Amino acid sequence: MKTRITELFGIKYPVIQGGMHFVGLAEMAAAVSNAGGLGIITGLTQPTPDDLAKEIARCKKMTDKPIGVNLTFLPGFAAPDYPGYIQAIIDGGVKIVETAGRSPEQYMPALKDAGIKVIHKCTSVRHSLKAERIGCDAVSVDGFECGGHPGEDDIPNMILLPRAAEELKVPFVASGGMGTASQLVAALALGADGINLGTRFIATKEAPVHENVKKALVEASELDTRLIMRPLRNTERVLKNEAVEKIVEIEREKGAATTIDDIKEYVGGVYPRVMQKGEMEVGAWSCGMVAGLIHDIPTCKDLIEGIVHGAQDIINQRLVKFAAE
């Protein structure tokens, strides 16, 4: 299946594994890339640029296919060593970077001078246009259904994707709630050139997370996510658990007066305990509504090929009948 995204990144299938904290390790990225998609290492999961350099080298021993690195630009005074991380990416020979969070504009010259293609994750058309304007090669358009941070506009993909198609000249992928063959078909129909999967890839055999996490995704329905940190205008979609219900209760009681200090014990530093130790109730972790469509734990190869081949079957068998009538 060829699209502008497969051509841009030199991949077989238009399926990208987005950056995910304590999930996007070398094993995850290599498994996706070996299966024909684009695997992505999550840069800031690595404590230092040197650690990222080692993770890139480890990944390259597992695959000779294209891989990417996610860099999320966070607000705050104690910023990570972004120039150091970028240098590690350059020195590691990685030619694709997924950026997220704040605008990557100040880092674009260094990335472009190194011949790196940049895909920026956006939750709105206006931010997508800004990404295009500053020289990003592609955009990951992230709908309200997504796990993690959906922005503050609350626009679902059935509206956001065709709006992006109206405005953008660069290729874009549909992100947020993606995980099935029919969704790939829908994304292509709405103007996207591929899909970005996050939560769905956590429930795969190669995902380097505790089995409790995978089991939780299989057991969850589309009704089992919650939005937290809305009063802070840093909304995050997470899987419900005891800690999340406490956060929701605090935010309900304090309303607009909620501060990060009120909930920090449930959101700060919990990812290693959840993803690595399987402590499912200790804190909030990102999860998309696609959890309702996760019913098994396949290999990355079986997942990706099932999505792509299933999409081709839908196009060639089901949809062609409507076109003929």
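Right above here is the structure, for reference.
Definitions and cut-offs
Residues numbered from 1 in each chain as written. Predicted model: local features only at pLDDT ≥ 70, side-chain atom pairs only at ≥ 80, totals over all residues. Heavy atoms only, no water. 1 Å grid on protein atoms, 1.4 Å probe; cavity = no way out; pocket = protein on both sides within 12 Å on 5 of 7 lines; lining within 4 Å. Points joined across faces, edges and corners; volume = space filled by probe spheres on them. Helix = DSSP H or I, 4+ residues; strand = E, 2+ residues; numbered from the N terminus. Nonpolar A, V, L, I, M, F, W, Y, C, P; charged D, E, K, R; others polar. Buried < 20%, exposed > 50% of the residue type's maximum accessible area, 1.4 Å probe, protein only. Contact = heavy atoms within 4.5 Å. Phe/Tyr/Trp six-rings, centres within 6.5 Å; stacked < 30°, edge-to-face > 60°. Core = buried A, V, L, I, M, F, W, Y, C linked by side-chain atoms within 4.5 Å. Patch = residues over 30% accessible without salt bridge, like charges linked within 9 Å, V, L, I, M, F, W, Y side chains within 5 Å. Areas by Shrake-Rupley, 256 points an atom, 1.4 Å probe, with all protein chains shown as cover. Salt bridge = Lys/Arg side-chain N within 4 Å of Asp/Glu carboxyl O. Pairing = 2+ DSSP bridges. Right-handed = clockwise from strand over helix to strand, strands pointing away. Axes fitted to C-alpha atoms, helices over the stretch in contact; angles between N-to-C directions.

Time to look at the layout of surface pockets. Counted as a void, the second largest pocket has a volume near 240 Å³. If you go around the second largest pocket, you meet 16 residues; those closest to its centre are Glu 145, Gly 176, Gly 177, Met 178 and Gln 183. The set of elements that each furnish at least two residues to the lining of the second largest pocket consists of α7 (157-167) and α8 (181-189). Within the lining of the second largest pocket, the residues separate by chemical class into 9 nonpolar, 5 polar and 2 charged.

Along the polypeptide, Ser 33 turns up in helix α2 (residues 26-34). The buried category is assigned to Ser 33, whose relative accessible area is 2%. Among residues more than four places away in sequence, those in contact with Ser 33 are Leu 38, Gly 39, Thr 63, Lys 65, Pro 66 and Ile 67.

Enumeration according to the criterion identifies 3 aromatic pairs in this entry. Centroid distance Phe 73 to Tyr 82: 4.7 Å. Interplanar angle 50 degrees. Geometry classified as tilted. Take Phe 73: its relative accessible area is 3%, and that puts it in the buried class. Assessed through its relative accessible area of 3%, Tyr 82 is described here as buried. Aromatic side chains Tyr 82 and Tyr 107 sit 5.6 Å apart centroid to centroid with 55 degrees between the ring planes, which places their arrangement in the tilted category. One end of the pair, Tyr 82, is in helix α4 (residues 82-91); the other, Tyr 107, is in the loop between β4 (96-101) and α5 (108-113), and 25 residues separate them in sequence. No difference in accessibility class separates Tyr 82 from Tyr 107, as the two residues are buried.

Looking now at the nonpolar core. One finds Ile 89, Ile 195, Phe 201 and Trp 285 to be the most contacted residues of the largest nonpolar core, which totals 82 residues. If we skip the residues at most four places from it in the chain, Ile 195 touches Pro 14, Val 15, Ile 16, Val 173, Ala 174, Met 178, Gln 183, Leu 184, Ala 187 and Ile 307.

Let us look at the environment of Val 238. The residue Val 238 is located in strand β10 (residues 236-239) in this model. Its relative accessible area of 0% is what places Val 238 among the buried residues. Spatially, the C-alpha atoms of Val 238 and Met 289 are 9.0 Å apart, while their sequence positions differ by 51 residues. Setting aside chain neighbours within four positions, we find Val 238 in contact with Asp 224, Thr 225, Arg 226, Ile 228, Val 244, Ala 284, Trp 285, Ser 286 and Cys 287.

Further remarks concern a nonpolar patch on the surface. Side chains of Ile 155, Met 158 and Ile 159 sit close together on the surface and give an oily, nonpolar patch of about 290 Å² of accessible area. Note that Ile 155 resides in the loop between β6 (138-142) and α7.

Now for the pairing of β4. Most of β4 sits inside the fold, with 5 of its 6 residues counted as buried. Of the strand pairs in this sheet, β4 and strand β5 (residues 117-122) are connected by 4 bridges, and their pairing is parallel. Directly across from Glu 98, in β5, lies its bridge partner Ile 119. Handedness of the β-α-β unit built from β4, α5 and β5 comes out right-handed.

So, about the pattern of salt bridges. One pass over the structure, following the stated rule, counts 21 salt bridges. One salt bridge in this structure joins Glu 279 and Arg 273, with 2.7 Å as the shortest N-O distance. Classification of Arg 273 as partly exposed rests on a relative accessible area of 39%. Salt bridges sharing common partners tie together Glu 27, Glu 55 and Arg 58.

To continue, consider unusual backbone geometry. One non-glycine residue with positive phi stands out, namely Asp 154, at about 60 degrees. Within the secondary structure, Asp 154 sits in the loop between β6 and α7. Even without being a glycine, Met 229 presents a positive backbone phi close to 65 degrees. By the element assignment, Met 229 lies in the loop between β9 (225-228) and β10. Residue classification places Met 229 among the buried residues on the basis of a relative accessible area of 5%.

Right, let's get into α8. Taken as a whole, α8 has its buried residues at Ala 181, Gln 183, Leu 184, Val 185 and Ala 187. Contact partners of the buried residues in α8: α7, β7 (172-175), β8 (195-197) and α14 (300-324). Looking at the residues trailing α8, positive phi occurs at Gly 191, about 115 degrees.

To continue, consider the sheet that holds strand β2 (residues 39-42). Strand order across the open sheet formed by 8 strands is β1-β8-β7-β6-β5-β4-β3-β2, with parallel pairing between neighbours. The outermost strands of the open sheet, each flanked by one partner alone, are β1 (15-17) and β2. For this sheet the average axis-to-axis angle between neighbouring strands, irrespective of direction, equals 30 degrees. As paired elements, β1 and β8 share 3 bridges and run parallel to each other. Along β8, the bridge assignment pairs Gln 17 with Leu 197. Seen against the sheet, helix α6 (residues 125-133) touches β5 and β6 and runs at an angle of roughly 165 degrees to β5. Contacts from α7 reach β6 and β7 within the one sheet, and its direction differs from that of β6 by about 155 degrees.

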